[in-house]
Amino acid sequence: MLIAGFPAGAWGTNCYLVAPAAGEECVIIDPGHLATEGVEEALRKHRLKPVAVVLTHGHIDHVASVVPVCGAHDVPAWIHPEDRYMMSDPEKALGRSIGMPLMGELTVGEPDEVKELTDGARLELAGLEFSVAHAPGHTKGSVTFRMPENTEIPSVFFSGDLLFAGSIGRTDLPGGSHAEILDSLARVCLPLDDSTVVLSGHGPQTTIGQERATNPYLREVASGQGAHVKAPRRGM
C-alpha cells in the first residue's frame with residue numbers, strides 16, 4: 001500500500017493520498033488550506049488517479065481545497081452530514097461573523113457531488129476498504145477512517161483531529177464538546193490494537209500503543225478519569 005502525506009497551509013494540516021500502489025487509483029483525505037499544489041505534485045510523482053475525497057471533519061483547515069481538487073478530477077467528496085454546512089459557511093464553524101476576512105481569498109462551497117458518511121459504514125474505494133467511525137467532540141460530525149491490517153502492514157487509523165501524538169483535538173469551537181471527545185476516545189480509540197498506526201490531522205504519526213502509554217488524555221480516559229486532564233490540545 002502507498003500512503004503519501006504532507007502538511008499544508010497556515011495550520012500545517014496533514015493531507016493524505018492512499019492507494020494500493022503507485023500507478024493506481026487513490027483516495028485523498030483532508031485536502032485543506034493551500035493543499036491543491038501538494039495534491040497535484042503527489043499525483044504526478046506516484047502516477048495516481050483520484051476516485052474520491054474523504055473528510056474527517058468540516059473545519060476550513062481540512063476542507064479548503066475540496067472544491068478545486070474535486071473539480072479538477074471530477075470526483076465526489078464524502079463528509080458527515082453534521083459537518084456538511086461548514087464547507088459553505090466556514091465562519092459559522094469557527095464562531096466568526098459572516099464576511100470577516102478568513103486567511104484571504106478561499107474557495108468555499110460544495111463540489112458538484114457530495115456523499116454523506118455514516119457511523120459504521122465501510123467504504124470500498126480505489127480497491128481499498130475504509131471503516132468509518134463517528135467520533136464527535138472536536139466537531140459534531142467528526143469521523144475517523146480505519147484500514148484493516150493485512151499480512152504486510154498493520155492497521156492504519158486516520159484520526160483527523162480526534163487523536164494526535166501526545167494530545168487530542170480542541171473542543172472550544174462551535175460544535176465542540178469535552179464530554180463527547182472523551183467518549184469518542186474511549187469508544188473509538190481504546191479498542192484498537194497497540195500496533196495500529198495513527199495518522200492524524202496535525203503532527204507526526206504515532207501508534208495506539210504509544211498513545212495508550214504516554215498520551216495524558218488517552219491514559220486518563222482508560223482509567224475513567226478523563227475529565228480531570230488539563231494538558232494542552234491541538235488542531236484549529
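Computed from a prediction, not measured in an experiment: that's the story for all the values here.

**Q** Account for the overall build of the protein chain, naming residues and giving values.
**A** A tally of helices and strands in the protein chain yields seven helices and 14 strands. Out of the 236 residues in the protein chain, the part that is buried amounts to 53%. Counted over contacts in the protein chain with a minimum sequence separation of 6, partners at least 24 positions apart contribute 62%. Accessible surface, the protein chain: about 10000 Å² in total, of which carbon and sulfur atoms supply 49%.

**Q** Lay out the side chain of H46 with the relevant residues and their values.
**A** Assignment of secondary structure puts H46 in helix 1 (residues 36-46). Every residue in contact with H46, bar those within four places of it in the chain, is listed here: L2, A4, A22 and G23.

**Q** Explain the pattern of salt bridges to me, and be specific about the residues and the numbers.
**A** Inspection of every chain in the model, using the stated rule, returns eight salt bridges. Across the salt bridge formed by K140 and E180, the nearest N and O atoms sit 3.4 Å from each other. Of this pair, K140 sits in the loop between strand 8 (128-134) and strand 9 (143-147) while E180 sits in helix 5 (residues 178-189); the two residues are 40 residues apart in sequence, bridging distant segments of the chain. Overall, E180 belongs to the partly exposed group, its relative accessible area being 26%. Notably, a salt bridge pairs D172 with R170, separated by 2.6 Å at the nearest N-O pair. Overlapping salt bridges bring together R84, E110 and E116 as one network.

**Q** Hey, could you go over the sheet that holds strand 9 for me, with residue numbers and the actual values?
**A** Hydrogen bonding along the main chain pairs the strands of a sheet, whether they run parallel or antiparallel. Strand order in the open sheet formed by six strands is 7-8-9-10-13-14, and the pairing between neighbours is mixed. Because the sheet does not close on itself, it has two edges, and the strands there are strand 7 (122-125) and strand 14 (206-207). One ladder, built from four bridges, connects strand 10 (residues 156-160) with strand 13 (residues 197-200); its direction is parallel. Bridge pairing in strand 13 links F158 to L199. Of the strands in this sheet, strand 8, strand 9 and strand 10 are in contact with helix 5, which crosses strand 8 at around 145 degrees.

Conventions used here
Residues numbered from 1 in each chain as written. Predicted model: local features only at pLDDT ≥ 70, side-chain atom pairs only at ≥ 80, totals over all residues. Heavy atoms only, no water. Helix = DSSP H or I, 4+ residues; strand = E, 2+ residues; numbered from the N terminus. Buried < 20%, exposed > 50% of the residue type's maximum accessible area, 1.4 Å probe, protein only. Contact = heavy atoms within 4.5 Å. Areas by Shrake-Rupley, 256 points an atom, 1.4 Å probe, with all protein chains shown as cover. Salt bridge = Lys/Arg side-chain N within 4 Å of Asp/Glu carboxyl O. Pairing = 2+ DSSP bridges. Axes fitted to C-alpha atoms, helices over the stretch in contact; angles between N-to-C directions.

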